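Coordinate analysis (summary)
Spelled out from the first residue to the last, the chains are:
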Amino acid sequence: MTDEELKESYFKSEPIPEHILEHMEHCRQQHMEVPDEKLIKRPSQIAGIREAGRINTLVLDAVAKEIHDGMSTQEIDDIVARVTKDNDAICACLGFEGYPKNVCTSINDEVCHGIPARHRKIHDGDIINVDCTTIYHSYYGDASRMFMIGKVSPARERLVAETKKCLEIGMEAAKPWNTVGDIGAAIAKYAHHQGYSVVRELGGHGVGNGFHEDPFVAHIAKAHTGMVLVPGMVITIEPMINAGKAAVVIDPYNDWTIYTKDGSDSAQWEHTILITETGNEILSY
Ligand code: MF3
Ligand code: CO
Ligand code: CO
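The text that follows walks through the structure, step by step, so that each part is easy to find. (Residues numbered from 1 in each chain as written. Chains lettered and ligands numbered in written order. Predicted model: local features only at pLDDT ≥ 70, side-chain atom pairs only at ≥ 80, totals over all residues.)

**Section: the overall build of the protein chain**
Each helix and strand in the protein chain was counted, giving six helices and 15 strands. Dimensions along the principal axes, computed over C-alpha positions, put the protein chain at roughly 55 × 45 × 30 Å. Buried positions account for 49% of the 285 residues belonging to the protein chain. (Helix = DSSP H or I, 4+ residues; strand = E, 2+ residues; numbered from the N terminus. Buried ≥ 20, exposed ≤ 12 C-beta atoms within 10 Å, placed from the backbone.)

Structure below.
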């Protein structure tokens, strides 16, 4: 059997526990949006996603160790490619919908999907997001971190710290039988209180058996709306928080990189998490 076939086979051989199915049925009767059974990961799948997430974290750890002032974003891409390969894994980004590199490197006013390049160097005072997704035996782990290069302004330092706090607040809301909307409601409330805005066009997502699965995880939403969170679901939370206004534009030349429209700074942190019966567990950071 291929890895793909093995992964698929667990939907039959490892059924969803009866008490969870009953709780899902109860939610359906309350007119809540209930996930398809394919979005509930089975124990062997979770073990595989955990491995992919572990390697993805190792890759980001390697970047954290080597990132420095004067480095090009291509060198970051080289580290990601090397460490991923050394772990017998695959960079999910390379070739995804035509994406040309192994990782996304988004600097200052770049919101996400910055494309590594030899000519693009990081300098003292820059903030950069490195977003990495790893495939291992056909399972996916997805995470991103911010790095501050040299001495960063207090405003940038605060944006990076408060965006991390937004992710943590989102995770607190990511409990079983809450809804996806509860996550975005909690994040947006906190971000706005800090004087920041929340990017609407991009969000977190189901992940694990594929790269981008349902549900879409908006980082600004209404509480008690959207899909109910069920133990066994694996999602990312990855708030993109702008120091200025929320509007974004896409690079007309590469059709990938997203910038803030007003040129203000933007930060993002991403974890892959598993919804458990008691809360959640981080699978990649
Ligand atoms: N890792 C990103 C995410 O968090 C997706 C990047 S897609 C790419 O969902 F093609 F730009 F790499
Ligand atoms: Co990502
Ligand atoms: Co993601």
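**What to know about the sheet that holds strand β3 (residues 110-112)**
Strand order across the open sheet formed by three strands is β3-β12-β11, with antiparallel pairing between neighbours. Strands at the two margins of the open sheet, each flanked by one partner only, are β3 and β11 (248-250). For this sheet, the mean angle separating the axes of adjacent strands, direction not counted, is 40°. As paired strands, β3 and strand β12 (residues 258-260) are joined by two bridges and run antiparallel to one another. Bridging across to β12, E110 finds its partner in Y259. (Pairing = 2+ DSSP bridges. Axes fitted to C-alpha atoms, helices over the stretch in contact; angles between N-to-C directions.)

**Regarding the pairing of strand β5 (residues 139-148)**
Buried residues dominate β5, accounting for eight of its 10 residues. Summarising the sheet, strand β4 (residues 127-136) and β5 pair through 10 bridges and their orientation is antiparallel. Following the sheet pairing, I135 is matched in β5 by Y140.

**Considering the sheet that holds strand β10 (residues 240-242)**
Sheets are built from strands paired through backbone hydrogen bonds, the pairs being either parallel or antiparallel. Strand order in the open sheet formed by three strands is β6-β10-β13, and the pairing between neighbours is antiparallel. Each edge of the open sheet is held by one strand with a lone partner, namely β6 (197-198) and β13 (266-268). Bridge analysis of β6 against β10 gives two bridges, and the strand direction is antiparallel. The residue of β10 that forms the bridge with S197 is N242. Where helix α5 (residues 154-173) meets the sheet, its contacts fall on β10 and β13, and the angle it forms with β13 comes to roughly 40°. (Contact = placed C-beta atoms within 7 Å.)

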